[in-house]
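# Structural overview for review
The primary structure of each chain is shown beneath.
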Amino acid sequence: MTVNAIEKAAVEIPWMNELESIYDSMVEWRRYLHQYPELSYEESKTSAFIEDKLKSFGITDIRTNVGGFGIVAVIHGGKPGKTVALRADFDALPIDEETDVPYKSKVPGVMHACGHDGHTATLLGVAKVLYHHRKELAGNVVLIHQPAEENPPGGAQAMIKDGCLEGVDVVLGTHLWSALPIGTIGYHKGYFMAASDYINIKIQGKGGHGSAPQYSIDAVAVASQVVNQLQLIVSREVDPQKAAVVTIGKFQAGVAHNVIADTAFLEGTVRTFDETVRQKVKTELTNIVEKVCSAFHAEATVEYRFGYPAVYNHEKETALFKKTMDRTFEDKTIVEIAPQMGGEDFSYYLKEVPGTFWFTGAGNPDLEADYPHHHPKFNFDERVMLIAGKAFLSMVHQYLCSSGDKRLTEESNG
Ligand SMILES: [Zn+2]
Ligand SMILES: [Zn+2]
């Protein structure tokens, strides 16, 4: 399928063409943000940039410093109706950019390597179009510009505590995705992205001479057993119909080839969807580490830190999304994709309010835009902003405009 095919958006929604007319500005905003990335919890300038842009469009109902540097802006429709929230995150990552693009990061060691610059520019474009058409809306649109997605506890939870979802009936969000080709939209009903937890284990042995293990407690040997036994959690303890990952990504111990290590440090990540599986992995993991260590006379300290919960896409809203996308974009590139083991704090919004989160394809090898997210050479095909923006506009039209296809909403209800 061609990109042009999917860009040929629904003829019956004139807003789509308006988004195209401001596409150059969206690219400009994205490239500006890309050059001046800010880390999670430090995004003061990005937040000010967003506020400025929203004001320049004429939007006046803007709350700043919501749960940190978050911004909540409301576009009030001409008639009463539902309230739809659209969310975009805006933090960057501690990565030194290695691309050769002219708009490369000017901040050493910090890079927009996840595409949140694109999310922000997309939502700004959508905001501008929606504000222009506010009188046609039966209901309100809440724009959630969220900081600190990359680093738990994350901005979503803080913004919710600060009231960003008050009065909201449905919440929508997307991640641009380099692993999906441009022109594709990937959705999934139910569990879509995994809960992501952090583990930190210290194993205290007793150091000694490499020639005399009988007088020592070898932290390397014990930690190796721990790593091996932890792999049995997924294969022997978790329901085979349910997903879980236990990864030990860091193993540090020892100082010299002929010295028995005194301590070993392990760090890892646990990914699950189902909350009961998540709790079970935590219990089994703690149990295995403690029992294996005590069997070999070592002492264990286990820290299990819960990260973001799993993203659960609500059935009705996801069905409506799929139908609306089929109708909006002429080609059949709206595909159901498999759940991902990556994490996303959009999950917190979906725990409060029904909604759905999807991936908008942004990969294009011709533009060297096919590196994975968080890679120092990450980039995306910027036309994704147009596609994601049209998807947002089309969903708002569906929920808040009388000319939206009511059949779709009714069918999804039933
Ligand atoms: Zn990321
Ligand atoms: Zn991201």
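Residues numbered from 1 in each chain as written. Chains lettered and ligands numbered in written order. Predicted model: local features only at pLDDT ≥ 70, side-chain atom pairs only at ≥ 80, totals over all residues. Heavy atoms only, no water.

What follows concerns empty space enclosed by the protein. Take a probe with the size of a water molecule and roll it over the atoms, and the empty space left behind shows itself. On inspection of all chains with the given rule, the structure shows 1 cavity of 30 Å³ or more. Put simply, the largest cavity is a space of about 80 Å³. As for the largest cavity, its lining consists of 13 residues, and the residues nearest its centre are His119, Thr122, Thr174, Ala388 and Phe392. Of all the secondary-structure elements, those providing two or more residues to the lining of the largest cavity are strand S3 (79-89), helix H5 (116-132), strand S5 (170-181) and helix H11 (384-400). Across the lining of the largest cavity, the residue classes tally to 7 nonpolar, 5 polar and 1 charged. (1 Å grid on protein atoms, 1.4 Å probe; cavity = no way out; pocket = protein on both sides within 12 Å on 5 of 7 lines; lining within 4 Å. Points joined across faces, edges and corners; volume = space filled by probe spheres on them. Helix = DSSP H or I, 4+ residues; strand = E, 2+ residues; numbered from the N terminus. Nonpolar A, V, L, I, M, F, W, Y, C, P; charged D, E, K, R; others polar.)

Looking at the zinc ion (ligand 1), the protein donor atoms are Cys114 (SG), Glu150 (OE), Glu150 (OE) and His374 (NE2), and they sit 2.0 to 2.7 Å from it. Written as a sequence motif, the donor arrangement for the zinc ion (ligand 1) is C-x35-E-x223-H. In this structure the zinc ion (ligand 2) is found 3.1 Å away from the zinc ion (ligand 1), and cysteine 114 serves as a bridging donor for the pair. Here cysteine 114 is found in the loop between S3 and H5, whereas its partner glutamate 150 is found in the loop between strand S4 (138-146) and helix H6 (155-161), with 36 residues between them in sequence. (Donors = N, O, S within 2.8 Å, 3.2 Å for Na, K, Ca; no water.)

A few words now on the pairing of strand S16 (residues 355-363). Where burial is concerned, most of S16 is hidden: 9 out of the 9 residues are buried. Burial along S16 is two-sided: Gly355, Phe357, Phe359, Gly361 and Gly363 facing one way and Thr356, Trp358, Thr360 and Ala362 facing the other are all buried. The sheet contact formed by S5 and S16 spans 8 bridges and is parallel. Its bridge partner lying in S16, tryptophan 177 is registered against glycine 361. The pairing of strand S6 (residues 185-187) with S16 spans 2 bridges and is antiparallel. (Buried < 20%, exposed > 50% of the residue type's maximum accessible area, 1.4 Å probe, protein only. Pairing = 2+ DSSP bridges.)

Positionally, alanine 300 belongs in strand S13 (residues 299-305). Residue class for alanine 300 comes out partly exposed when judged on its relative accessible area of 27%. Beyond its immediate chain neighbours, meaning those up to four positions away, alanine 300 contacts Lys202, Val289, Glu290 and Cys293. (Contact = heavy atoms within 4.5 Å.)

Further remarks concern the packing of aromatic side chains. By the definition in use, this model includes 15 aromatic pairs. A ring pair is formed by phenylalanine 346 and tyrosine 349, whose centres lie 5.3 Å apart and whose planes are at 50°; its orientation type is tilted. You can see phenylalanine 346 and its partner tyrosine 349 sitting in helix H10 (residues 346-352), 3 residues apart, about one turn around the helix. Here phenylalanine 346 and tyrosine 349 have matching classes, each one buried. Cation over ring: arginine 134 sits above tyrosine 131, and NZ or CZ is 4.0 Å from the ring centre. (Phe/Tyr/Trp six-rings, centres within 6.5 Å; stacked < 30°, edge-to-face > 60°. Lys NZ or Arg CZ within 6 Å of the ring centre and 35° of its normal.)

To continue, consider the nonpolar core. Judged by nonpolar contacts, the single largest core of 66 residues is most densely connected at Leu54, Ile59, Leu86 and Leu143. Per-element tally for this core: the top contributor is H11, with 11 residues. Apart from the residues lying within four places of it in its own chain, the contact partners of isoleucine 59 are Leu54, Ala73, Val74, Ile75, Ala127, Tyr131 and Leu143. (Core = buried A, V, L, I, M, F, W, Y, C linked by side-chain atoms within 4.5 Å.)

Glancing now at the pattern of salt bridges. Scanning all chains against the criterion turns up 18 salt bridges. For the salt bridge of aspartate 117 with arginine 30, the shortest nitrogen-to-oxygen distance reads 3.0 Å. In this pair, aspartate 117 sits in helix H5 while arginine 30 sits in helix H3 (residues 23-35), placing the two residues 87 residues apart along the sequence. Looking at aspartate 117, the relative accessible area reads 0%, which means it is buried. (Salt bridge = Lys/Arg side-chain N within 4 Å of Asp/Glu carboxyl O.)

In this section: the layout of surface pockets. In this model, the largest pocket occupies a volume close to 640 Å³. As for the largest pocket, its lining consists of 27 residues, and the residues nearest its centre are Glu150, Pro152, Ser196, Arg271 and Tyr308. Among the domains, domain 1 (3-193 + 310-413) and domain 2 (195-305) are the pair contributing at least three residues each to the lining of the largest pocket. If you trace the second largest pocket, you find it lined by Asp61, Arg63, Val72, Val74, Thr83, Asn140, Val142, Gly163, Cys164, Glu166 and Gly167. Secondary-structure elements contributing two or more residues to the lining of the second largest pocket are strand S2 (70-76) and S4. (Domains from an automatic or database assignment.)

With that out of the way, let us pick up the domain arrangement of the chain. Taken as a whole, the chain is organised into domain 1 (3-193 + 310-413) and domain 2 (195-305). Contacts between domain 1 and domain 2 engage 9 residues on the former and 9 residues on the latter. Buried area between domain 1 and domain 2, summed over both chains or domains, comes out near 650 Å², and the portion from carbon and sulfur atoms is 70%. When residues of domain 1 are sorted by the area they lose upon contact with domain 2, Tyr191, Ala310 and Met341 head the list and together hold 75% of the total. Our enumeration of links across domain 1 and domain 2 arrives at 0 salt bridges. Summed over the shared surface of domain 1 and domain 2, the number is 1 residue pair in polar contact (both at pLDDT 80 or more). Counted by class, the side of domain 1 that touches domain 2 contains 6 nonpolar, 3 polar and no charged residues. (Buried area = accessible area lost by both parts, 1.4 Å probe. Polar contact = N/O pair within 3.5 Å; in protein donor to acceptor, adjacent residues only side chain to side chain.)

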